Amino acid sequence: MSLPEWAPEGVDVTVPNAARVYDYGLGGYHNFAVDREFAEQLISAWPGILQVAHTNRAYLGRVVRWLAAQGVRQFLDIGSGIPTRGNVHEVVQAIDPDARVVYVDVDDVAVSHGQAILAGNPHAAAIGGDLRHPAGILGHERVRALIDFDRPVAVLLVAVLHFLSDEDDPPRLVRELTAALVPGSYVAVSHFTAVDDLGHEHEQVTKLYDRTPTSVRTRDRRQVAGILGGLEVVEPGVVPITSWHPDPEEPAEHEQRSVLGAVGRKPEPA
Ligand SMILES: C[S@@+](CC[C@H](N)C(=O)[O-])C[C@H]1O[C@@H](n2cnc3c(N)ncnc32)[C@H](O)[C@@H]1O
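It should be emphasised that the depicted structure is a prediction, and the values quoted were computed from it without experimental measurement. (Residues numbered from 1 in each chain as written. Predicted model: local features only at pLDDT ≥ 70, side-chain atom pairs only at ≥ 80, totals over all residues. Heavy atoms only, no water.)

1. Topic: the pattern of salt bridges
As a reminder, the rule being used: Any carboxyl oxygen of Asp or Glu within 4 Å of a side-chain nitrogen of Lys or Arg constitutes a salt bridge here. Where helices and strands are cited, they refer to DSSP runs of H or I of at least four residues and of E of at least two residues respectively, numbered from the N terminus. For each residue, the accessible area found with a 1.4 Å probe, counting protein chains only, is set against the maximum for its type, and the residue is called buried under 20%, exposed over 50%, and partly exposed in between.
Considering all chains together, one arrives at 9 salt bridges under this definition. In this structure, Arg219 engages Asp166 in a salt bridge whose closest nitrogen and oxygen atoms are separated by 2.9 Å. With Arg219 in the loop between α9 (199–209) and α10 (221–227) and Asp166 in the loop between β4 (154–158) and α8 (170–179), this residue pair connects regions lying 53 residues apart in the sequence. We classify Arg219 as buried; its relative accessible area is 4%. Residue classification places Asp166 among the partly exposed positions, given a relative accessible area of 42%. Taken together, the shared-partner salt bridges in this structure form one network comprising Asp166, Arg217 and Arg219.

2. So, the site of the ligand
The following threshold applies: When we say a residue is near a molecule or strand, we mean one of its heavy atoms is within 4 Å of it. Between N or O atoms, a polar contact is any pair within 3.5 Å; within protein, one atom must be a potential hydrogen donor and the other a potential acceptor, and residues adjacent in sequence are included only when both atoms are from side chains. For the accessible areas, the method is Shrake-Rupley and the probe is 1.4 Å, while residue cover comes only from the protein chains on display. Under the grouping applied here, Gly and all other residues not named as nonpolar or charged are polar, the nonpolar ones being Ala, Val, Leu, Ile, Met, Phe, Trp, Tyr, Cys and Pro and the charged ones Asp, Glu, Lys and Arg.
Close to the ligand lie 19 residues; Tyr22, Arg57, Gly79, Asp105 and Val158 are nearest. Take Arg57: an N or O atom from its side chain is 2.7 Å from an oxygen atom of the ligand. For the ligand, a nitrogen atom lies 2.7 Å from a polar atom in the backbone of Gly79. Alone, the ligand offers 610 Å² of accessible surface; in the complex the protein occludes 96% of this. Those elements that provide at least two residues to the shell around the ligand are α1 (18–25) and α3 (49–69). For the shell around the ligand, a count of residues per class yields 9 nonpolar, 5 polar and 5 charged.

3. Re the nonpolar core
We apply this condition: The term nonpolar core refers to a set of buried residues drawn from Ala, Val, Leu, Ile, Met, Phe, Trp, Tyr and Cys, joined through side-chain atoms within 4.5 Å. The contact criterion used is simple: two residues touch if any of their non-hydrogen atoms lie within 4.5 Å.
Residues Leu67, Phe75, Leu156 and Val263 are the most contacted members of the largest nonpolar core, which totals 46 residues. Ranked by residue count, the leading element in this core is α3, at 9 residues. If near-sequence neighbours (up to four positions away) are discounted, Leu67 is found in contact with Val72, Phe75, Ala154, Leu156, Tyr186 and Val263. Core analysis: the next-biggest nonpolar cluster, separate from the first, contains 32 residues, Ile78, Phe149, Leu164 and Leu228 among them.

4. A short note on the side chain of Asp35
Its location among the elements puts Asp35 in helix α2 (residues 33–45). For Asp35, a relative accessible area of 0% corresponds to the buried category. Within the structure, Asp35 has its side chain in polar contact with the backbone nitrogen of Asn17 (distance 3.0 Å). Residues in contact with Asp35, not counting those within four places in the same chain, are Val15, Pro16, Asn17, Arg20 and Val21.

5. With respect to the packing of α3 against helix α4 (residues 88–95)
Think of two packed helices as two axes; the pair is described by the angle between the axes and how far apart they sit. Let me state the cut-off plainly: Axes here mean lines fitted to C-alpha atoms, for a helix over just the part in contact, with angles spanning 0 to 180 degrees between N-to-C directions. Orientation labels follow simple angle bins: below 35 degrees gives roughly parallel, above 145 gives roughly antiparallel, 65 to 115 gives roughly perpendicular, and whatever is left gives oblique. Left-handed is the label given to a crossing in which the near helix is rotated counterclockwise from the far helix by less than a right angle, and right-handed is the label when the rotation is clockwise.
Packing of α3 against α4 brings their axes to within 10 Å, and their N-to-C directions diverge by 30°. When the axis of α3 is compared with that of α4, the two are roughly parallel. Note on packing geometry: the crossing formed by α3 with α4 is right-handed. Judged by residue contacts, Leu60, Gly61, Val64, Arg65 and Ala68 of α3 engage Val88, Val91, Val92 and Ile95 from α4. The residue inventory of the contact of α3 with α4, partitioned by class, reads 7 nonpolar, 1 polar and 1 charged.

Right, here's the structure in full:
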């Protein structure tokens, strides 16, 4: 099978991949037949999943604009996905062209497409990295070159933590990341969560993802708050993403109860 021009060398087109499945769900074209077939199975199991992808993306945009309004100008977007509409650098550099953004993802398609669209952008970069190894991300030469760790940084962990197991210890990973940041820095998350009346649909989706290299798991409000332990969770707390600073000009059509969102701020030392 001949691969499209954008496909990085060695890409495995025989197993569905979370980044490419999400890209398909958002209407992108950086995906293969195996991803599209898998996405269609997800949609059959739970038609609402498409809406999840779109509301999550809208949440990401609101979070970034809110953080920019707090004065943050540096963003480390981990599990950034394949660039699509409303990328972080587009949102924040429209506010301040000097804002810095580094995208980090384990997926080669996400990284190579990120590098392609950022060519010529001196303030943004895309690198390969694994959230399970924060030291590798924090020490990466592109991160050190673009991010000034003496100034506040926003770490974005949007729709990525549910790909980590409890053994990966997400609270520890967030502690390791925030240890490198000055007070006044932020961590923003969104996370798949269980909803009683969608139990069957969620179970089907989880079972399907178990057939891929990246299983997904739900976490409840208390567990998501625990991931942000040590940070001050800003108002309105850990809430369904559609309730997190909703945009009155673009109101969500339905509440999205299957994904929780929250933003934590690193406090001054006591
Ligand atoms: C559902 S997409 C979310 C993309 C984007 N953050 C958003 O919310 O629109 C999840 C992304 O997380 C990436 N990912 C999964 N596990 C990861 C890990 N351990 N480290 C870095 N990225 C990871 C996947 O490759 C995928 O691109």
